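Listed below are the residues making up each chain.
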Amino acid sequence: MSLAVGTKAPDFTLSTKSAAGPKYIKLSDNFVTKNTVLLFFPMAFTGTCTTEMCSVGNGLRGYEQMNCQVYGISGDNPFAQEAWAQKEKIGVTLLSDYEHKVAKAYDVAYDSFLPQMNLGMGGVAKRAAFIIDKNGVIQYAESNDDAKQLPNFEKIKSKLAGMK
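Treat the numbers as computed from the prediction; the structure is a model and nothing was measured.

Draft legend 1. A look at the nonpolar core. Ranked by internal contacts, the top residues of the largest apolar core, which has 25 residues, are Tyr63, Val70, Ile156 and Leu160. Of all the secondary-structure elements, those providing two or more residues to this core are β3 (35-40), α1 (47-58), α2 (60-65), β4 (68-74), α3 (78-88), β6 (127-132) and α5 (153-161). Among the elements that take part in this core, α1 stands out by supplying four residues, more than any other. Contact partners of Leu160, with chain neighbours within four places excluded, come to Asn35, Val37, Tyr63, Met66, Cys68 and Ile131. Phe31, Val102, Ala109 and Phe130 belong to the second largest nonpolar core, which has 21 residues in total.

Written out as structure tokens, the structure reads:
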């Protein structure tokens, strides 16, 4: 079960890789100025994750118009994330939770990811979505044990539309 609505969002600093090079992104840097959507996903270079990040990336302007920053978070290293983003033309800022600390802090980490396929990797992020308001409080939370189930983006957009 992920963190509940009304809970103070755990702050974090994660790395990203852009054309300018590696840099750190701190969640609380958005507080006061904009709302934030965190989209946890299991792994880069996989079908459902590519579909999700490309779809969200294609709609980034709509999120920006609602004064919202969107981050995709996975346990992939930032160099793999950048290669994937370039290959698939993903416009979402991708953050590397390489040690799975943030997925665990938000209580969205698998104990064992796809053991039926002999993967069994612990700590991999479940597909999850959080909206964090300008005060750093979670206003929307959704977590799916089924890695192929996308978040409900209509509910996310509806919630954001009412938040200003």
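Draft legend 2. Geometry of the environment of Arg127. Along the polypeptide, Arg127 turns up in strand β6. Overall, the relative accessible area of 1% leaves Arg127 in the buried class. For the pair formed by Arg127 and Ala105, sequence separation is 22 residues and the distance between their alpha carbons is 15 Å. A polar contact is formed between the side chain of Arg127 and the backbone oxygen of Ala147, at a distance of 2.6 Å.

Rules of the game
Residues numbered from 1 in each chain as written. Predicted model: local features only at pLDDT ≥ 70, side-chain atom pairs only at ≥ 80, totals over all residues. Heavy atoms only, no water. Core = buried A, V, L, I, M, F, W, Y, C linked by side-chain atoms within 4.5 Å. Buried < 20%, exposed > 50% of the residue type's maximum accessible area, 1.4 Å probe, protein only. Helix = DSSP H or I, 4+ residues; strand = E, 2+ residues; numbered from the N terminus. Contact = heavy atoms within 4.5 Å. Polar contact = N/O pair within 3.5 Å; in protein donor to acceptor, adjacent residues only side chain to side chain.

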